[in-house]
Amino acid sequence: MRTPIGSRSAMNEVDLDAIHNVSAFEELARQRMDPGGFAYYSGGAWDEVTLRDNVAAFRRRRLLPRVLTGVAEPDTTTTLLGREVTLPIGLAPASQHGLAHPEGEVATAAAAARAGVVMCLSTWSNRSIEDVGAQPSGPRWLQLYLLEDRGLTADLVARAVAADFDALVLTVDLPVPGYRERELAVRFSPPQSFGNFPAAPGPDDTMMEMVGAVHAQGLTWDDLAWIASLSRLPVAVKGVLAPQDALLAVDNGAAAVWVSNHGGRQLDRSPAAIDALPAVVDAVAGRAEVYVDGGVRRGIDVATALALGARAAFIGRPYLYALAAAGAAGVSRCLELLRAELVTAMVLLGVGELGELGPQHVL
Ligand SMILES: Cc1cc2nc3c(=O)[nH]c(=O)nc-3n(C[C@H](O)[C@H](O)[C@H](O)COP(=O)(O)O)c2cc1C
């Protein structure tokens, strides 16, 4: 099924002050988005065990409050790959923001820059590296897939450098798309062209087929070294779950290891991201930054991730749904809610700075 462009139903504006948690954006997005686009955003692989477990695993953790610590106004700032950010929360790369809002990634980038958080632009974005680069400056990273066409891959890196991006994120968990039944059921076909490369979708091309045709396969750690050699930008490796792979990533030059199961969209029954984090943190042993994404829906999830050793937690669907609900203002509200929740969590845990969060806070 081809998803028509601009088919968002005419609906009343969302009263953002009446939204009190980021999960509330999902239903608003479902009402506003074309069903094909919503299936693409919301779905996971196979039985969606990992998709559900990403959220559930955070909720299984228990946090140990500390009292009478004197903490009143905790500091949520940190640095990621050398650049200061206001929050240890970033926007994970996600393809096709145009399914959510006509301004697509440009709206997302504007909201991220306003909030002072990292936005990671997907290879498969609707808007180009240059369009996003032209937005008010903010910490900005480019997510790369290694494409069958090496020249095109190298060109993306050169364009990111020219557009003043701060880092590259090499996603390594998608040599082929996971088996996503919600997408299959609607035969999801991208309705818009992609900003970063010429592959224009034909009316009958499904997203899964396009990805299968364009992504390189049979990759090895040498390919990470190749990407790192193309520019001076630091490279994060996204999609690591096994501690052995984390070690290999660092040994092969990764500046950061990003623990992720791709939001439950790749290998179903792989561990929840937060459950995979501690062993990766141990393996990396401080030689690189460690991030996590998958199932982060609350500021207390962010506190949990940092307590277990992540330097930052990233969100995917929450901001996509917020973008669908209310454009850039929705993304801003999403970040504001998470910020406020994180601040409250820090006061209740008795930590004035993010670096004080540790395993002693998680039972
Ligand atoms: C609709 C959608 C598209 C995505 N596209 C990409 C992508 O292009 N590149 C990538 O590295 N990860 C992609 N991801 C994975 C996200 O970066 C992230 O790992 C995941 O969404 C985190 O889980 P969460 O949605 O539960 O927050 C995508 C996720 C979603 C939901």
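Per chain, residues are indexed from 1 in the order of the written sequence. The predicted origin of the model limits local features to residues at a pLDDT of at least 70 and limits the giving and counting of side-chain atom pairs to 80 or more, whereas totals for whole chains, interfaces and linings rest on all residues. To obtain the side-chain values, all non-hydrogen atoms of the structure were included, while hydrogens and water were left out.

**Some points on the overall build of the protein**
Spelled out, the test is: Put simply, DSSP H or I for four residues or longer makes a helix, DSSP E for two residues or longer makes a strand, and each gets a number counted from the N terminus. The globule rule used for comparison is 2.2 Å times the number of residues to the exponent 0.38, while the radius of gyration itself is calculated over C-alpha atoms. Residue exposure (1.4 Å probe, protein chains only): buried if accessible area is under 20% of the type maximum, exposed if over 50%, otherwise partly exposed. Only heavy atoms matter for contacts: two residues are in contact if any of them lie within 4.5 Å across the pair. Throughout, the Shrake-Rupley method with a 1.4 Å probe supplies accessible areas, and for residues the shown protein chains are the sole cover considered. Only four residue types enter the tally: Lys and Arg on the positive side, Asp and Glu on the negative side; His and the chain ends are excluded. For the purpose of locating charges, the reference atoms are NZ of Lys, CZ of Arg, CG of Asp and CD of Glu.
If you tally the helices and strands in the protein, you get 13 helices and ten strands. Rg of the C-alpha trace for the protein: 19 Å, near the compact-globule value of 21 Å for 363 residues, within the 12% margin. The dimensions of the protein, computed from C-alpha atoms along their principal axes, are 60 × 50 × 40 Å. When each of the 363 residues of the protein is scored for burial, the buried share is 58%. Counting contacts in the protein only where the partners sit at least 6 residues apart, residues at least 24 apart contribute 73% of the total. Accessible area of the protein: about 14,300 Å², with a carbon and sulfur share of 53%. Taking the average place of the 30 positive charges on the side chains of the protein and the average place of its 41 negative ones, the gap between the two points comes to 4 Å.

**A look at the site of the ligand**
To keep things clear, this is the line we draw: We call a residue near a given molecule or strand whenever any one of its heavy atoms falls within 4 Å of it. Under the rule applied, a polar contact is a pair of N or O atoms within 3.5 Å (in protein, one hydrogen donor and one hydrogen acceptor; residues adjacent in sequence only if both atoms are side-chain atoms). Residues are grouped as follows: Ala, Val, Leu, Ile, Met, Phe, Trp, Tyr, Cys and Pro are nonpolar; Asp, Glu, Lys and Arg are charged; every other residue, Gly included, is polar.
Neighbouring residues of the ligand: 24 residues in total, closest Pro93, Ser122, Thr171, Asp293 and Arg297. Between the ligand and the protein, one listed contact pairs a nitrogen atom with a side-chain N or O atom of tyrosine 145 at 2.9 Å. Contact distances for the ligand include 2.9 Å between an oxygen atom and a side-chain N or O atom of arginine 317. Alone, the ligand offers 600 Å² of accessible surface; in the complex the protein occludes 99% of this. Sorting the residues of the shell around the ligand by element identifies α2 (35-42) and α13 (317-349) as the ones contributing at least two each. Per-element tally for the shell around the ligand: the top contributor is α13, with three residues. Looking at the shell around the ligand residue by residue, the classes come out as nine nonpolar, ten polar and five charged.

**Thoughts on a nonpolar patch on the surface**
Going by this rule: In this analysis, a patch consists of residues with relative accessible area above 30% that form no salt bridge, clustered at 9 Å for like charges and at 5 Å for the nonpolar side chains Val, Leu, Ile, Met, Phe, Trp and Tyr. The salt bridge criterion pairs a side-chain nitrogen of Lys or Arg with a carboxyl oxygen of Asp or Glu, the two atoms within 4 Å.
Together, Trp46, Tyr179, Leu184 and Leu267 give the surface a local cluster of nonpolar side chains, amounting to about 430 Å² of exposed area. Here tyrosine 179 shows up in the loop between β6 (167-171) and α7 (181-186). Judged by its relative accessible area of 40%, tyrosine 179 falls in the partly exposed class.

**Digging into a negative patch on the surface**
Residues Asp75, Glu84, Glu353 and Glu356 make up a contiguous surface patch of negative charge. Position of glutamate 84 relative to the elements: it lies in strand β2 (residues 83-85).

**A look at the packing of helix α10 (residues 243-251) against helix α11 (residues 273-284)**
The following threshold applies: For every element, the axis is a line fit to its C-alpha atoms; helices are fit only across the contacting stretch, and the angle between N-to-C directions ranges from 0 to 180 degrees. Rotating anticlockwise by less than a right angle from the far helix to the near helix defines a left-handed crossing, while the corresponding clockwise rotation defines a right-handed one.
It is at 8 Å that the axes of α10 and α11 come closest, and there the two elements cross at 35 degrees. Considering how the two elements wind past one another, α10 and α11 form a crossing that is right-handed. Judged by residue contacts, Pro243, Ala246, Leu247 and Val250 of α10 engage Ala279, Val280, Ala283 and Val284 from α11. Across the contact of α10 with α11, the residue classes tally to eight nonpolar, no polar and no charged.

**Regarding empty space enclosed by the protein**
This is how it is decided: Using only the protein atoms, space was sampled on a 1 Å grid; points where a 1.4 Å probe fits but cannot get out form cavities, open sets with protein on both sides within 12 Å along at least five of seven lines form pockets, and lining residues are those with an atom within 4 Å of a point. Grid points are joined across faces, edges and corners, and a volume is the space filled by probe spheres set on the points.
With the rule as written, the count across this model stands at one cavity of 30 Å³ or more. Volume-wise, the largest cavity comes out at about 480 Å³. In terms of lining residues, the largest cavity is bounded by 34 residues, among which Pro93, Ala94, Ser95, His262 and Arg265 are the most central. Looking at the lining of the largest cavity, the elements with two or more residues in it are α2, α8 (207-214), β10 (312-315) and α13. When the residues that make up the lining of the largest cavity are grouped by side-chain class, the tally is 17 nonpolar, ten polar and seven charged.

**Focus on the side chain of glutamate 341**
Residue position: glutamate 341 is located in helix α13. Under the relative-accessibility criterion, glutamate 341 is labelled buried at 16%. Not counting residues within four places of it along the chain, the set of residues in contact with glutamate 341 comprises His20, Asn21, Arg297, Arg298 and Gly299.

**Examining the packing of helix α12 (residues 299-307) against α13**
In plain terms, the rule: Orientation categories follow fixed angle ranges, with anything under 35 degrees roughly parallel, anything over 145 roughly antiparallel, 65 to 115 roughly perpendicular, and all other angles oblique.
For the pair α12 and α13, the least separation of the axes is 7 Å and the interaxial angle reads 55 degrees. The orientation of α12 with respect to α13, classified from their angle, is oblique. Between α12 and α13 the crossing geometry is right-handed. The residues of α13 that touch α12, namely those facing Gly299, Ile300, Val302 and Ala303, are Leu338, Glu341, Leu342, Ala345 and Leu349. Residue composition of the contact of α12 with α13, grouped by class: seven nonpolar, one polar and one charged.

**Here's the deal with α8**
Short version of the rule: By definition, the arc is the one covered by directions from the helix axis to the C-beta atoms.
Among the residues of α8, those classed as buried are Met207, Met208, Met210, Val211 and Val214. Seen end-on, α8 carries its buried residues on one side only, within an arc spanning 165 degrees. At its buried positions, α8 is contacted by α2 and α7.

**As for the pattern of salt bridges**
Taken as a whole, this structure holds 16 salt bridges when the rule is applied. Note that glutamate 27 is salt-bridged to arginine 30, the shortest N-O span being 2.6 Å. Highlighted residues: glutamate 27 and arginine 30, both in helix α1 (residues 24-32), separated by three residues, approximately one helical turn. By relative accessible area, arginine 30 is classed as partly exposed at 43%. In the salt-bridge network here, residues are joined through shared partners; they are Asp53, Arg60, Arg61 and Asp275.

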